[in-house]
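# Close look at the chain arrangement
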Amino acid sequence: MSPIRKKKLEVIRKKLDKLDNSLLSIIKKRTLLVNEVVKLKKFKKEIVDKQRIRVILTKIRKKSIQNKIDPNITNRIWKNMIWSYINYERKNFNKK
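A brief look at the structure comes next. (Residues numbered from 1 in each chain as written. Predicted model: local features only at pLDDT ≥ 70, side-chain atom pairs only at ≥ 80, totals over all residues. Heavy atoms only, no water.)

Time to look at the packing of helix α1 (residues 3-40) against helix α3 (residues 71-92). The description of two packed helices rests on the angle between their axes and on the distance between the axes. Where α1 contacts α3, the axes come no closer than 11 Å and their chain directions differ by 45°. As the angle between them shows, α1 and α3 are arranged oblique. Crossing geometry of α1 relative to α3 is assigned as right-handed. Where α1 abuts α3, its residues Ile27, Arg30, Thr31, Val34, Asn35, Val37 and Val38 lie against Met81, Tyr85, Tyr88 and Glu89. Split by residue class, the contact of α1 with α3 holds seven nonpolar, two polar and two charged. (Axes fitted to C-alpha atoms, helices over the stretch in contact; angles between N-to-C directions. Helix = DSSP H or I, 4+ residues; strand = E, 2+ residues; numbered from the N terminus. Parallel < 35°, antiparallel > 145°, perpendicular 65-115°, else oblique. Left-handed = near helix turned anticlockwise from the far one by under 90°. Contact = heavy atoms within 4.5 Å. Nonpolar A, V, L, I, M, F, W, Y, C, P; charged D, E, K, R; others polar.)

Quick look at the environment of Ile56 now. With respect to the helices and strands, Ile56 occurs in helix α2 (residues 50-66). Considering only alpha carbons, one finds Ile56 and Asn75, 19 residues apart in sequence, at a separation of 9.6 Å.

With nine residues, the main nonpolar core is built from Val38, Ile47, Ile53, Ile56, Leu57, Ile60, Ile82, Ile86 and Phe93. Elements supplying a minimum of two residues to this core: α2 and α3. No other element matches α2, which puts four residues into this core. Among all residues touching Leu57, those that are not within four sequence positions of it are Asn75, Trp78, Lys79 and Ile82. (Core = buried A, V, L, I, M, F, W, Y, C linked by side-chain atoms within 4.5 Å. Buried < 20%, exposed > 50% of the residue type's maximum accessible area, 1.4 Å probe, protein only.)

What follows is the structure in structure tokens.
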């Protein structure tokens with residue numbers, strides 16, 4: 001890789017790092033909200049709401065297309081996030 005390309009790559013990576021830090025802040029806020037949600041659920045079977053998952057993924061697909069983002073990428077990210085939080089809720093359900 002040429003020195004010019006290497007420098008451009010470093011600049012882009014620094015921007016990505018900054019963006020990642022912003023994402024961490026958003027994930028922290030989301031986790032706090034999920035903590036509130038889990039407190040409201042009375043039964044563990046309420047944790048997985050397949051209907052809501054379908055609605056969320058449909059909205060994300062539509063918004064991704066509107067914003068010219070590959071919907072396969074966003075679908076995968078959201079599915080992973082949803083199931084990660086489902087596991088988080090299951091783990092924390094009895095701790096409320």
